[in-house]
Amino acid sequence: MAQAPTLKKLYGPIQGDIDRVETLLRDELRSDNPFLASLVAHSQKFGGKRMRSAMLLYSARLCGGVSDAHVALAGVVELLHSATLVHDDVLDESHLRRQVDTRNERWGNETSILFGDYLFAKAFILCSRLNNHEANRILGRTAQDMCEGELSQIATKFDLSIDESRYLRIIELKTGRLFSTACRLGSLGWEADRKQIDALTAYGLNFGIAFQIVDDVLDLAGEEAEVGKSLGTDLSKGKLTLPVIRLLRSLPDARRRDLQDLIASPDGLPEKRDTVLGLVRERGILDGCLDRAREYLSAAQESLEAFGDTPESASLRELAGFALQRRA
């Protein structure tokens, strides 16, 4: 795949709409409560790629154009995503995100959990103001699916028998669904036909699954200074991701048992990560995982054929290239 362009270039045609989303988020999160205002200000340091917003806005353009409602829905999606990140940092006991200390690191878990809940509430209040039953239904189901995915992952912690299909189902729910929803929401308000709606939904879902696979590779093989967040949390929490699942499957019985004992041990994260990373590199497993992500991204790109050759569909295809080559 050719070198992916930067997000700045990819977002060029929709930058004005993204700026509107940013203004909306600042207005929605403004608070007279000093403590809450400090939490919001800290959150704004994280910034973010706004990929879900961009996908929603490009999807809206493919179907007819970006309305005020689409800007609001992009804000809703970003609030939901931010809420999940706050909760994820608590669950993973992360200390760093985008080179900034996490809220749980600075204020503790109680504050972080409640602030994540606050962001969820803000998202659904914003959505309710649109008086769009379909949007509320889609977003409610998405939040449910995301929670189910996270609960399923917790239920499989240190379950060394988990297979690739179950892993893929988990990341489809916890990550893929919000990307899929962002694209689906872009079609609301326009008379998009079922083929186009299904194409956007498929694009977002396949993109999101690939995005999570790449994220799991980075958690194992990335550099913390480059990725900008705490790494190795999957191994420390006993969450088996694709590289580890494939590694365990590839090892002879004796070596597999030794590695299973290491993974199941309650401490020794540096040793765990170094050992696993050495083995997956030795066996070419990281490249195989990225090939799997590439397959999903190719499927995402192919779904856009329903829209023909347009600037918007071209931008979404290029966005898939960025997802594969990102380092943070």
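Whatever comes next refers back to the structure up there.
Scope of this entry: the structure provided in the associated data block.

Reading the values: the criteria
- Residues numbered from 1 in each chain as written.
- Predicted model: local features only at pLDDT ≥ 70, side-chain atom pairs only at ≥ 80, totals over all residues.
- Heavy atoms only, no water.
- Helix = DSSP H or I, 4+ residues; strand = E, 2+ residues; numbered from the N terminus.
- Rg over C-alpha atoms; globule rule 2.2 N^0.38 Å.
- Buried < 20%, exposed > 50% of the residue type's maximum accessible area, 1.4 Å probe, protein only.
- Contact = heavy atoms within 4.5 Å.
- Areas by Shrake-Rupley, 256 points an atom, 1.4 Å probe, with all protein chains shown as cover.
- Lys, Arg positive; Asp, Glu negative; His and termini not counted.
- Charge placed at Lys NZ, Arg CZ, Asp CG, Glu CD.
- Expected span 1.5 Å × (residues − 1).
- Phe/Tyr/Trp six-rings, centres within 6.5 Å; stacked < 30°, edge-to-face > 60°.
- Axes fitted to C-alpha atoms, helices over the stretch in contact; angles between N-to-C directions.
- Left-handed = near helix turned anticlockwise from the far one by under 90°.
- Core = buried A, V, L, I, M, F, W, Y, C linked by side-chain atoms within 4.5 Å.
- Salt bridge = Lys/Arg side-chain N within 4 Å of Asp/Glu carboxyl O.

Once that is clear, we can look at the overall build of the chain. Looking only at helices and strands, the chain features 17 helices and 2 strands. Its C-alpha atoms give the chain a radius of gyration of 20 Å, within 12% of the compact-globule value 20 Å for 328 residues. The dimensions of the chain, computed from C-alpha atoms along their principal axes, are 60 × 50 × 30 Å. When burial is assessed residue by residue, the chain has 56% of its 328 residues classed as buried. In the chain, the share of contacts with a sequence separation of at least 24, taken over all contacts with a separation of at least 6, comes to 79%. Total accessible area on the chain is roughly 14,500 Å²; 50% of this is exposed by carbon and sulfur atoms. The averaged location of the 49 negative side-chain charges in the chain is 1 Å from the averaged location of its 43 positive side-chain charges.

Time to look at unusual backbone geometry. Positive phi, close to 55 degrees, is recorded for Asn 131, a residue that is not glycine. Secondary-structure assignment places Asn 131 in the loop between helix H7 (109-128) and helix H8 (133-155). Phi at Phe 158 takes a positive value of approximately 60 degrees, unusual for a residue other than glycine. Note on placement: Phe 158 falls in the loop between H8 and helix H9 (164-186).

Once that is clear, we can look at helix H4 (residues 51-63). A rise of 1.5 Å per residue sets the reference length of H4, with its 13 residues, at 18 Å; its end C-alpha atoms lie 18 Å apart and thus fit the reference within 8%. Within H4, 12 of the 13 residues are buried, which leaves it mostly tucked inside the rest of the structure. Along H4, the residues that are buried comprise Met 51, Arg 52, Ser 53, Ala 54, Met 55, Leu 56, Leu 57, Tyr 58, Ser 59, Ala 60, Leu 62 and Cys 63. The inward-facing, buried residues of H4 contact helix H1 (7-10), helix H2 (15-29), helix H5 (68-92), H9, helix H10 (194-221) and helix H17 (311-325). Downstream of H4 by one or two residues, Gly 65 has phi in the positive range, about 140 degrees.

Turning our attention to the packing of aromatic side chains. Scanning the model with the defined rule gives 6 aromatic pairs in all. On the numbers, 6.2 Å between centres and 15 degrees between planes, the contact of Phe 115 with Tyr 118 is stacked. Separated by 3 residues within a single helix, Phe 115 and Tyr 118 lie in helix H7, roughly one turn from each other. On the numbers, 5.8 Å between centres and 35 degrees between planes, the contact of Tyr 203 with Phe 207 is tilted. You can see Tyr 203 and its partner Phe 207 sitting in helix H10, 4 residues apart, about one turn around the helix. Residue Tyr 203 shares its accessibility class with Phe 207, and that shared class is buried.

Time to look at the packing of H2 against H5. Orientation of H2 relative to H5, taken along the N-to-C sense of each, is 60 degrees, at an axis distance of 9 Å. As for the relative orientation of H2 and H5, their crossing is right-handed in sense. Of the residues in H5, those in contact with Arg 20, Val 21, Leu 24, Leu 25 and Leu 29 of H2 are Asp 68, Val 71, Ala 72, Ala 74, Gly 75, Glu 78 and Leu 79.

Judged by nonpolar contacts, the single largest core of 96 residues is most densely connected at Tyr 11, Leu 185, Tyr 203, Phe 207, Ile 213, Leu 259 and Leu 319. Of all the elements, H10 adds the most residues to this core, at 14 residues.

Our focus in this paragraph is the pattern of salt bridges. For the coordinates displayed, the defined rule picks out 22 salt bridges. For Arg 50, the salt bridge identified is with Glu 22, shortest N-O distance 2.7 Å. Here Glu 22 lies in helix H2 and Arg 50 lies in the loop between helix H3 (34-44) and H4, a separation of 28 residues in the sequence. For Asp 27, the salt bridge goes to Arg 30, with nearest N and O atoms at 3.2 Å. The exposure class of Asp 27 is partly exposed, given its relative accessible area of 40%. We classify Arg 30 as exposed; its relative accessible area is 58%. Each member of the salt-bridge network shares a partner with another, and the members are Arg 141, Asp 145, Arg 169, Glu 172 and Arg 177.

Tracing the sequence through the fold places Asn 206 in helix H10. Asn 206 gets classed as buried once you look at its relative accessible area, which sits at 16%. With sequence-adjacent residues up to four places away left out, Asn 206 is seen in contact with Tyr 296, Ala 299 and Ala 300.

Once that is clear, we can look at the side chain of Asp 145. Inspection of the secondary structure assignment puts Asp 145 in helix H8. When neighbours within four sequence positions are excluded, Asp 145 is seen to be in contact with Leu 173 and Arg 177.

Function cannot be inferred from these measures alone, as they are strictly geometric.
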